[in-house]
Amino acid sequence: MFAKAFRVKSNTVIKGSDRRKLKADVSVAFPSLSAEELSELVPNKEELKVVKIYAHKGDAVTLYVLHKNPVFFELEKRIYPTVYTLWHYPNALPAFTTWPAVVQKLIGGADLMLPGIVVPPSGLPSVKQGDSCTVTVVGSRAPVAVGTSTMSSAEMCSVGMKGRGVSVLHTYMDSIWAFGDKSIPPSIPDADSECLVMNAEDSEEERSKDDGVQEESCVDAACNQDTDPLSCGVQELSLTGSDEDNRENQDTVVDPEDQRTPQEKMDALLLQCFLHALKSKVKKADLPLLTSTFLRLHMFSCCPRGQKIDIKKSSYKKLSKFLQTMEQQKNLLHVKELTKGVDSIVEVDWKNPELRSFCAPEELDADEAPAEMQREGENPYHPPEVSTLYSVSARLEPLFREANKRKGTALQPAEVRTLITEYVKRNELVDENNKNFVIINPILCDCLLEKSEYQEVVALKWDDLFSRTLNRMQQCHQLVFPGQSPIIKKGQIEPIDISVASRGSNKKVTQIKNLELYGLDPMAVSSALQHRVQASAVLHPVPGSKDKVLVQIQGNQILQVGKLLIDQYQIPRKYIQGIDKAPKPGKKK
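The rules we used
- Residues numbered from 1 in each chain as written.
- Predicted model: local features only at pLDDT ≥ 70, side-chain atom pairs only at ≥ 80, totals over all residues.
- Heavy atoms only, no water.
- Helix = DSSP H or I, 4+ residues; strand = E, 2+ residues; numbered from the N terminus.
- Buried < 20%, exposed > 50% of the residue type's maximum accessible area, 1.4 Å probe, protein only.
- Contact = heavy atoms within 4.5 Å.
- Areas by Shrake-Rupley, 256 points an atom, 1.4 Å probe, with all protein chains shown as cover.
- Pairing = 2+ DSSP bridges.
- Phe/Tyr/Trp six-rings, centres within 6.5 Å; stacked < 30°, edge-to-face > 60°.
- Core = buried A, V, L, I, M, F, W, Y, C linked by side-chain atoms within 4.5 Å.
- Patch = residues over 30% accessible without salt bridge, like charges linked within 9 Å, V, L, I, M, F, W, Y side chains within 5 Å.
- Salt bridge = Lys/Arg side-chain N within 4 Å of Asp/Glu carboxyl O.
- Lys, Arg positive; Asp, Glu negative; His and termini not counted.
- Charge placed at Lys NZ, Arg CZ, Asp CG, Glu CD.
- Expected span 1.5 Å × (residues − 1).
- Arc of directions from axis to C-beta.
- Axes fitted to C-alpha atoms, helices over the stretch in contact; angles between N-to-C directions.
- Parallel < 35°, antiparallel > 145°, perpendicular 65-115°, else oblique.
- Nonpolar A, V, L, I, M, F, W, Y, C, P; charged D, E, K, R; others polar.

1. So, the overall build of the protein
1) Next: Helix and strand counts for the protein come out as 20 helices and 24 strands.
2) Next: Within the span of the protein, comprising 589 residues, buried residues form 44% of the whole.
3) Next: In the protein, the share of contacts with a sequence separation of at least 24, taken over all contacts with a separation of at least 6, comes to 60%.
4) Next: Accessible area for the protein stands at about 32,600 Å²; split by element, carbon and sulfur atoms hold 49% of it.

What follows is the structure in structure tokens.
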């Protein structure tokens, strides 16, 4: 389910009431967890984040993230643990065991078939249809997949261990795993399955010596003669998993034996992108829509990766002729010349049977493409967590010396508050007559008061004490990228700056600066914008800076740049400057 990248909708800290509800739901879903284990998974005071996402097929899922690792995910009001949680609590759910060769199939999106399940001496785990369960590998109790059983244990035996056994939802190395620290499964030995491994290896060696054939031939012979049901199970699972993959991707994979001419293939691609654009891109509020805009912004973005729309290579030769065919023969839309020489789509028949029955291929939409348009082996982009810190200044160093915080030490605002409170209590500076005030001693006087206040101010309110302390500290910011050490820099972080500049008499260009501060590759952003708006983009060095570049793209593209940064790269709006200058709909600027 999460073999492809998901889209993050929101990322917030959990509320107190939601935390209690989650704890109750986890307690009901996993009764084997003790109260202490439950408190470790859903702590009362540690920061727990709620990340709402959309899977690549559109399913709404909620992730619960603790210590930067997803610990649970909620799908259709049901709680499931992630592999990070199960590696610490492997006995939380019943587990089915399979062979290592099968794991790659599960990671690729296949379900676990019954022939691939290794039955230990103790028998299959006791499950009912729809129960949550895990998948482990022989020799280890560390789960590598989470899913639901398709039938009960008794039914699995009654059908002769044939068919689908576990519907897999989440696996090791999928996008949920990649959202965490990307650690590998721990070593948790399993005595029962280790015996099976040794027996299987011994029988494999004996067959190789007796027959004098290769390993692949041994497996085929064993399956035909029913001499090794475990090996047969692996082969059948592998074949079944491949069939499942083919069925899931049959809309997008091109048949190698397709004998159609290049012109027929281009006609089919045009129709596919046309229907895809009408069904998923164009809304009623967008009409009337220029036909050129429809092609450039909508049809091009629906083109499958690795293919390119070229109307001249189709039988239609021109966009106008293609749209005329769609109007006259299929009654899908109505095109009208609203301005002399300029055609516009003024009406779309949303109830057309062909449009309603069309299923979009299992390809990433253009809006999702920028996150996936990365080089092989490169990690997907995740926005950094930006937090404000305060550095101890030379003037305040005596105040923090007892806490061993020297000049330049960066502290969270809450840490500053705690250290000041401890200092006041340790030195008994709370006013006995009014506990809302703190008595000023010589160190507080030197650190927090102005010279004109030395003789006048003898006590400060707590809030005034904290605010004066923070105002006299050096403000800085911390960037935390997933899987990397925190980066601390002085001052406030500069926002991503979007501006429009004039070139020539009536030409405008959009410029984007400070992308590097947020870990964004200007070249990748430039390519994504080119793909989105079909306009040329270039990179220029920022004047006065040696290591910064700005992205420049033709036209006033503030709206499109804002959508890309907010919707796709998940950059918070408060860190984007100039987005409010985008042209209003219906107005030319």
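There is more to say after this.
2. Some thoughts on the pairing of strand E14 (residues 385-391)
1) Next: Pairing analysis gives seven bridges linking E14 to strand E18 (residues 474-480), with the strands arranged antiparallel. Opposite Glu 385, over in E18, you have Val 480 as the bridge partner.
2) Next: When E14 meets strand E15 (residues 410-411), the two strands line up antiparallel, connected through two bridges. Each bridged residue has a counterpart across the sheet, and for Ser 391 the counterpart in E15 is Ala 410.

3. Thoughts on the packing of aromatic side chains
1) Next: Scanning the model with the defined rule gives 12 aromatic pairs in all.
2) Next: An angle of 20° between the planes, with centres 5.2 Å apart, marks the rings of Phe 73 and Tyr 80 as stacked.
3) Next: Where Tyr 172 meets Trp 177, the ring centres are 5.3 Å apart and the plane angle is 80°; that geometry is what we call edge-to-face.
4) Next: Trp 177 gets classed as buried once you look at its relative accessible area, which sits at 11%.

4. A look at the nonpolar core
For soluble globular proteins, the rule of thumb is that nonpolar side chains tend to be buried together.
1) Next: One finds Val 26, Leu 63 and Phe 72 to be the most contacted residues of the largest nonpolar core, which totals 35 residues.
2) Next: Mapped by element, the contributors of at least two residues to this core are helix H1 (16-29), helix H2 (35-41), strand E2 (48-54), strand E3 (60-66), strand E4 (69-75) and strand E5 (78-81).
3) Next: In terms of residues, this core owes the most to one element, E3, which gives five residues.
4) Next: For Leu 63, the residues in contact, after removing those within four places along its chain, are Phe 6, Lys 49, Val 50, Val 51, Ile 53, Phe 72, Phe 73, Ile 176 and Phe 179.
5) Next: Counting 31 residues, the second largest nonpolar core, distinct from the first, contains Tyr 84, Trp 99, Val 135 and Val 144.

5. Focus: a positive patch on the surface
1) Next: Taken together, the side chains of Arg 7, Lys 9, Lys 15 and Lys 52 present a region of like positive charge at the surface.
2) Next: By the element assignment, Arg 7 lies in strand E1 (residues 7-13).
3) Next: For Arg 7, a relative accessible area of 35% puts it in the partly exposed group.

6. Observations regarding H1
1) Next: Helix length check: H1 (14 residues) gives 20 Å between terminal C-alpha atoms against 20 Å at 1.5 Å per residue, within 8%.
2) Next: Where H1 is concerned, the buried positions are Arg 19, Leu 22, Lys 23 and Val 26. What you see down the axis of H1 is that its buried residues fit within an arc of 100°, all on one side. Of the exposed residues in H1, those oriented more than 90 degrees away from the buried face are Arg 20 and Val 28.

7. A short note on the sheet that holds strand E12 (residues 333-339)
1) Next: Strand order in the open sheet formed by three strands is E11-E13-E12, with antiparallel pairing between adjacent strands. Each end of this open sheet is capped by a strand with a single partner; those strands are strand E11 (289-290) and E12.
2) Next: Bridge analysis of E12 against strand E13 (residues 342-348) gives six bridges, and the strand direction is antiparallel. Considered in E13, the bridge of Glu 337 is made with Asp 343.
3) Next: Set on the sheet, helix H12 (residues 319-328) makes contact with E12 and E13; between it and E12 the angle comes to about 135°.

8. Quick look at the side chain of Lys 49
1) Next: Here Lys 49 shows up in strand E2.
2) Next: With a relative accessible area of 16%, Lys 49 lands in the buried category.
3) Next: Beyond its immediate chain neighbours, meaning those up to four positions away, Lys 49 contacts Asn 11, Thr 12, Val 13, Ile 14, Leu 63, Tyr 64, Val 65 and Glu 385.

9. Section: unusual backbone geometry
1) Next: Its identity is not glycine, yet Lys 77 carries a phi of approximately 60°, on the positive side.
2) Next: Looking at the element boundaries, Lys 77 is found in the loop between E4 and E5.
3) Next: Classification of Lys 77 by relative accessible area gives exposed; the value is 79%.
4) Next: In this model, Asn 331 sits at a positive phi of 55°, which is unusual for a non-glycine residue.
5) Next: Its location among the elements puts Asn 331 in the loop between H12 and E12.
6) Next: For Asn 331, a relative accessible area of 49% corresponds to the partly exposed category.

10. A closer look at the environment of Ile 571
1) Next: Along the chain, Ile 571 falls in the loop between helix H20 (558-568) and strand E24 (576-577).
2) Next: Taking the relative accessible area as the measure of exposure, Ile 571 reaches 2% and is therefore buried.
3) Next: Residues Ile 571 and Pro 383 lie 188 residues apart in sequence; the distance between their C-alpha atoms is 6.2 Å.
4) Next: Leaving out residues up to four positions away in the same chain, Ile 571 has contacts with Tyr 381, Pro 383, Ile 496, Tyr 518, Leu 520, Leu 565, Ile 566 and Ile 576.

11. Some remarks on the packing of helix H11 (residues 291-299) against H12
Describing two packed helices takes the angle between their axes plus the distance from one axis to the other.
1) Next: Interaxial distance between H11 and H12 falls to 10 Å at its minimum, and their mutual angle equals 90°. Here H11 is positioned roughly perpendicular relative to H12, judged by the angle of their axes. Touching Thr 291, Ser 292, Leu 295 and Met 299 of H11 are Leu 319, Phe 322 and Leu 323, all from H12.
2) Next: For the contact of H11 with H12, a count of residues per class yields five nonpolar, two polar and no charged.

Taken by themselves, the reported measurements are silent on function.
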